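# Structural description and commentary
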Amino acid sequence: MTNTEQRPPASGPDRPIALITGVGRSIGIGAGIARRLAATGWDVAFTYWTPYDRRMEWGAEPGAAASIEKELAEAGARTAAIEADLTDPDAPTRIFDEAEQRLGGQVTALVLSHAESVDSGLLDTTVEAFDRHFAVNSRASWLLIREYGLRFRGAPGTTKGTTPSPTPGTAPGTATGRIVALTSDHTVGNLPYGASKGALDRITLAAAHELAHLGVTANVVNPGPVDTGWMNDELRETLVRGTPLGRLGTPLDTAHLVGFLCSPEGQWVNGQLLKSNGGAAS
């Protein structure tokens, strides 16, 4: 831990609350982000949806939510695992209600790492698949951001989410709320996924301006090629050759950037689409 990072307080009400979507597998990016935030002082609520993993080629991971909760608790975090179907437009309200009730406070950071991702192209994408991708990747993200914006009231003792008077090392108008969304620029052969993630980008970047009066920053992170079990050997080798640093990304690479954006040191980064991909070409 560097001297610029906040040391995590002991488990309790002084820890801010992060809500992370899409934490269904222990090797996933969402789980990596959850571990990082727990280790740097956050309590963590997270969502997962087992039926999605079950229909994907990697399959569902039995007991994943309980296992991830145990890891986060060992890092000092209070946790709330919430199973939620994000195709349901009522799910975001229920998720926030449950997170706040179980963790006893408002959500300070919202991290959107959920995804519907089933490969198909221009000619073979069905209307059903197209609509499902947009329901999960775009509509649910908008509804989650909207719910966050309706509820967020800033840190205790602040006005509209900003610090009203300077403290040592802190500028006036310091933002306390955070939204971070994970995106992708993969569209060829993956049309509904890429198109719906493009819509997610626009929604999140709009939040950087429309929620600024609340003291909220909003950024998008493109993690690049991260192998969480979905790559075959041929694809893996191709992507490694196309990355200047000669390796694939890891969930921890993404988690480090998200952790920084959620930290006090990251509050001046706002309204950006950031690539954390080792220099990989799009």
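Shown above is the structure to which this text applies.
Residues numbered from 1 in each chain as written. Predicted model: local features only at pLDDT ≥ 70, side-chain atom pairs only at ≥ 80, totals over all residues. Heavy atoms only, no water.

## Let's talk about the sheet that holds strand S5 (residues 177-182)
Reading across the sheet, the seven strands line up as S3-S2-S1-S4-S5-S6-S7 and stay open at both edges, with parallel pairing between neighbours. Strands with a single pairing partner mark the edges of an open sheet, and in this sheet they are strand S3 (79-83) and strand S7 (273-275). In this sheet, neighbouring strand axes are inclined to one another by 20 degrees on average, regardless of whether the strands run parallel or antiparallel. Both strand S4 (residues 107-112) and S5 contribute to a ladder of four bridges, which runs parallel. In the sheet register, Val111 faces S5, and the bridge partner there is Val180. Running over the sheet, helix H6 (residues 191-210) touches S4, S5, strand S6 (216-222) and S7 and is turned about 155 degrees from S6. (Pairing = 2+ DSSP bridges. Helix = DSSP H or I, 4+ residues; strand = E, 2+ residues; numbered from the N terminus. Axes fitted to C-alpha atoms, helices over the stretch in contact; angles between N-to-C directions. Contact = heavy atoms within 4.5 Å.)

## Considering H6
Along its 20 residues, H6 runs 29 Å from first to last C-alpha, staying within 8% of the 28 Å computed at 1.5 Å per residue. Taken together, the buried positions of H6 are occupied by Pro192, Tyr193, Gly194, Ser196, Lys197, Leu200, Asp201, Thr204, Leu205, Ala207 and Ala208. (Expected span 1.5 Å × (residues − 1). Buried < 20%, exposed > 50% of the residue type's maximum accessible area, 1.4 Å probe, protein only.)

## Re helix H3 (residues 64-74)
Here H3 has its buried residues at Ala64, Ala65, Ile68, Glu69 and Leu72. When H3 is viewed along its axis, its buried side chains cluster within an angular range of 130 degrees and face the same direction. Exposed side chains of H3 directed beyond 90 degrees from the buried face belong to Ala66, Lys70 and Glu74. Immediately downstream of H3, the backbone of Gly76 shows phi near 100 degrees, a positive value. (Arc of directions from axis to C-beta.)

## Quick look at the packing of helix H1 (residues 29-39) against helix H8 (residues 251-262)
Here H1 crosses H8 at 50 degrees, and the two axes come no closer than 8 Å. Taken together, the axis directions place H1 and H8 in an arrangement best described as oblique. In this structure, H1 crosses over H8, and the sense of that crossing is right-handed. Contacts between H1 and H8 pair Ile29, Gly32, Ile33, Arg36 and Leu37 from the former with Pro251, Thr254, Ala255, His256, Val258, Gly259 and Cys262 from the latter. Among the residues making up the contact of H1 with H8, the classes are represented as seven nonpolar, four polar and one charged. (Parallel < 35°, antiparallel > 145°, perpendicular 65-115°, else oblique. Left-handed = near helix turned anticlockwise from the far one by under 90°. Nonpolar A, V, L, I, M, F, W, Y, C, P; charged D, E, K, R; others polar.)

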